[in-house]
Amino acid sequence: MLHVIDQDLTSFNTLGLRSHARAFVRCESADQAQALSDLADDYRHVFILGGGSNVVLAPELDCLVIKVETAGVRLLRETDDEWIVEAQAGERWHDFVEHCIAQGWNGLENLALIPGTVGAAPVQNIGAYGVELDQRFHSLVAWDMRDRRLVEMAAQDCGFLYRNSVFKQAEQGRWLILQVRLCLPKAWRPVLNYPDLQRHPVLQAAGERVTARQIFDAVCEIRQGKLPDPAILGNAGSFFKNPVVTATAYEGLKKTHSDLVAYPQPDGTYKLAAGWMIDHAGWKGSRMGAAGVHERQALVLVNGGGANAGDIAALADAITADIAARFGVELEQEPVKVGWA
Ligand code: EPU
């Protein structure tokens, strides 16, 4: 297991922030878990890195970074009603979704083109176009770096919430997720309630005969239309969560902003479209130093070239303060901060 001292991480985070790790090692097999714990004893902190698409890395990380690069997908079990599919944590999420669709294991099509790895998907409970990972989740296998044991966790153990889980709340570096298992029901039902999908001409024309592949293609097209490709313009997807407010707060805002976009939640609260608020406040396409707000999706902050974590934080703070002043709503950052004091 080759272990590198002083590793440049600029190409390992999709925001493209300049960052150095004190030490770096690749995890290429789940069997290395114990050895990784031994290695971690020599460092004060550990950070587990997947595709680097949901992190804001500080310039200097005084820790051991473990980059998960394990590969493999298999059908773990098939019953009359469902497929249980298992993927190694290092698999690219989108490739995994595409592989499932090609096999006829449908149900992940709304989650096409989400950047990052399979192992990172449960950490922030990825979601898009009306589906969240926890709705398709079966279980996962993780190595507990602290207690040095292999743990199998069902959905109820993972504490899934909107873009949140026990893994995001735990101390960084504790959980090395090794395999993730999805439960895909054979009685497939398309999820088409999201406005962008309802409007899509191919899906409209297909009507009742719509296929998972058509939804997969439509989601790819919609995402490519508004979300920047990190290979071209550094970004970490949505930079803020959509804030959830009480019905009273929502009614109050609606009086002053009649076109406010919000989604009613089952518990009577409302999820506000932060992208709409940031756009409405005039930030879309703006720049502050090397950091910027994407010109087609105001919820996405971009690295305009050579930005570091401080540039991104300064822009994020300015937006947060402005939204609080205009709407009385506190935005919460979505990507994980790593190595910040
Ligand atoms: N909007 C604007 N201006 C903007 C951006 C959005 O007016 O600049 C409006 C849109 O017109 C729409 C509403 O705000 O009416 C919501 O926008 P959109 O459908 O683009 O989705 P979002 O709420 O901004 C969320 C997720 C995305 C996910 C999409 C689709 C979060 C934090 N973000 O974004 O997830 O792909 O819905 O389901 O929940 C991610 O987490 O990184 C991510 C990209």
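Here the structure is a predicted model, which is why all the values come from computation and not from measurement. (Residues numbered from 1 in each chain as written. Predicted model: local features only at pLDDT ≥ 70, side-chain atom pairs only at ≥ 80, totals over all residues. Heavy atoms only, no water.)

**Considerations on the sheet that holds strand β14 (residues 244-245)**
Spatially, three strands are ordered β14-β16-β15 in an open sheet, and the strand pairing comes out antiparallel. A single partner strand is all that each edge strand has here, and the edge strands are β14 and β15 (262-264). Two elements, β15 and strand β16 (residues 270-272), share three bridges in a ladder whose sense is antiparallel. By the bridge assignment, Ala262 is partnered in β16 with Leu272. On top of the sheet, helix α8 (residues 247-256) reaches β14, β15 and β16; it is set at about 50° to β16, its chief contact. (Pairing = 2+ DSSP bridges. Helix = DSSP H or I, 4+ residues; strand = E, 2+ residues; numbered from the N terminus. Contact = heavy atoms within 4.5 Å. Axes fitted to C-alpha atoms, helices over the stretch in contact; angles between N-to-C directions.)

**Here we look at the pairing of strand β7 (residues 82-88)**
Of all seven residues making up β7, six are buried, and the element is well covered by its neighbours. Pairing analysis gives five bridges linking strand β6 (residues 73-78) to β7, with the strands arranged antiparallel. Looking at β7, one finds that Arg74 is bridged to Glu86. The antiparallel hairpin formed by β6 and β7 contains three residues in its connecting segment. Looking at chain direction, β7 and strand β12 (residues 175-185) are connected through seven bridges and run antiparallel. Note that in β12 the partner of Trp83 across the bridge is Leu184. (Buried < 20%, exposed > 50% of the residue type's maximum accessible area, 1.4 Å probe, protein only.)

**As for the packing of aromatic side chains**
A full pass over the atoms with the stated rule returns eight aromatic pairs. Residues Tyr129 and Tyr194 carry aromatic rings whose centres are separated by 5.0 Å and whose planes lie at 80° to one another, so their mutual orientation is edge-to-face. With Tyr129 in the loop between β8 (127-128) and β9 (131-132) and Tyr194 in the loop between β12 and α5 (195-198), this residue pair connects regions lying 65 residues apart in the sequence. Geometrically, the ring pair formed by Trp276 and Phe327 is edge-to-face, given 6.2 Å between the ring centres and 65° between the ring planes. (Phe/Tyr/Trp six-rings, centres within 6.5 Å; stacked < 30°, edge-to-face > 60°.)

**Examining helix α7 (residues 212-226)**
Between its first and last C-alpha atoms α7 spans 22 Å; for 15 residues at 1.5 Å apiece the expected length is 21 Å, and the two agree. Every buried residue belonging to α7 is among Ala212, Ile215, Phe216, Ala218, Val219, Cys220, Ile222 and Arg223, and all of these are buried. For α7, the elements touching its buried residues are α2 (93-103), β8, α5 and α6 (201-206). (Expected span 1.5 Å × (residues − 1).)

**Brief notes about the environment of Lys241**
Residue placement: Lys241 occurs in the loop between β13 (234-238) and β14. By relative accessible area, Lys241 is classed as buried at 9%. With 98 residues separating them in the primary sequence, Lys241 and Trp143 have C-alpha atoms 28 Å apart. Contacts of Lys241, omitting those with residues within four sequence positions, involve Tyr162, Arg163, Asn164, Lys168, Ala274, Leu331, Glu332 and Glu334.

**Side note on the side chain of Ser37**
As for its placement among the helices and strands, Ser37 is situated in helix α1 (residues 33-40). A relative accessible area of 2% places Ser37 in the buried class. What Ser37 contacts, discounting residues up to four positions off in sequence, is Trp143, Met145 and Arg148.

**Looking at the domain arrangement of the protein**
Domain annotation of the protein identifies domain 1 (5-68), domain 2 (73-190) and domain 3 (234-338). Each of domain 1 and domain 3 has a C-alpha centre, and these two points are 29 Å apart. Across the boundary between the two partners, domain 1 contributes 14 residues, which contact 17 residues of domain 3. The contact between domain 1 and domain 3 buries some 1300 Å² in all, and 57% of this surface belongs to carbon and sulfur atoms. Looking only at domain 1, the three residues that lose the most surface to domain 3 are Leu15, Asn54 and Val56, adding up to 48% of its buried area. (Domains from an automatic or database assignment. Buried area = accessible area lost by both parts, 1.4 Å probe.)

**A look at the packing of α2 against α7**
Their axes nearest at 10 Å, the elements α2 and α7 cross at an angle of 155°. The orientation of α2 with respect to α7, classified from their angle, is roughly antiparallel. Of the two possible hands of crossing, α2 and α7 adopt the one that is left-handed. Here α2 contributes His94, Val97, Glu98 and Ile101 to the contact with α7, which in turn contributes Ala212, Arg213, Phe216 and Cys220. Within the contact of α2 with α7, the residues separate by chemical class into five nonpolar, one polar and two charged. (Parallel < 35°, antiparallel > 145°, perpendicular 65-115°, else oblique. Left-handed = near helix turned anticlockwise from the far one by under 90°. Nonpolar A, V, L, I, M, F, W, Y, C, P; charged D, E, K, R; others polar.)

**Regarding the site of the ligand**
Taken together, 23 residues lie around the ligand, and Tyr129, Tyr162, Tyr194, Asp279 and Gln297 are the ones closest in. Between a nitrogen atom of the ligand and a side-chain N or O atom of Asp279, the distance comes to 2.7 Å. A distance of 3.4 Å is found between an oxygen atom of the ligand and a side-chain nitrogen or oxygen belonging to Lys284. Here the ligand has 820 Å² of accessible area as a free molecule, and 83% of this is covered by the chains. Classifying every residue of the shell around the ligand gives 11 nonpolar, six polar and six charged. Both domain 2 (73-190) and domain 3 (234-338) contribute no fewer than three residues apiece to the shell around the ligand. (Near = heavy atom within 4 Å. Polar contact = N/O pair within 3.5 Å; in protein donor to acceptor, adjacent residues only side chain to side chain. Areas by Shrake-Rupley, 256 points an atom, 1.4 Å probe, with all protein chains shown as cover.)

**Quick word on helix α10 (residues 309-327)**
Compared with an ideal rise of 1.5 Å per residue, which puts 19 residues at 27 Å, α10 spans 26 Å between its outermost C-alpha atoms and is within 8% of the ideal. Taken together, the buried positions of α10 are Ala309, Ile312, Ala313, Leu315, Ala316, Ile319, Thr320, Asp322, Ile323 and Phe327. For α10, the secondary structure elements touched by its buried residues are β4 (55-57), α8, α9 (274-280), β17 (287-288), β18 (291-293) and β19 (300-303). Sitting at the amino-terminal end of α10 is Asn308, which places a side-chain oxygen 2.9 Å from the backbone nitrogen of Gly310. A positive phi of about 70° marks Gly328, the residue just after α10.

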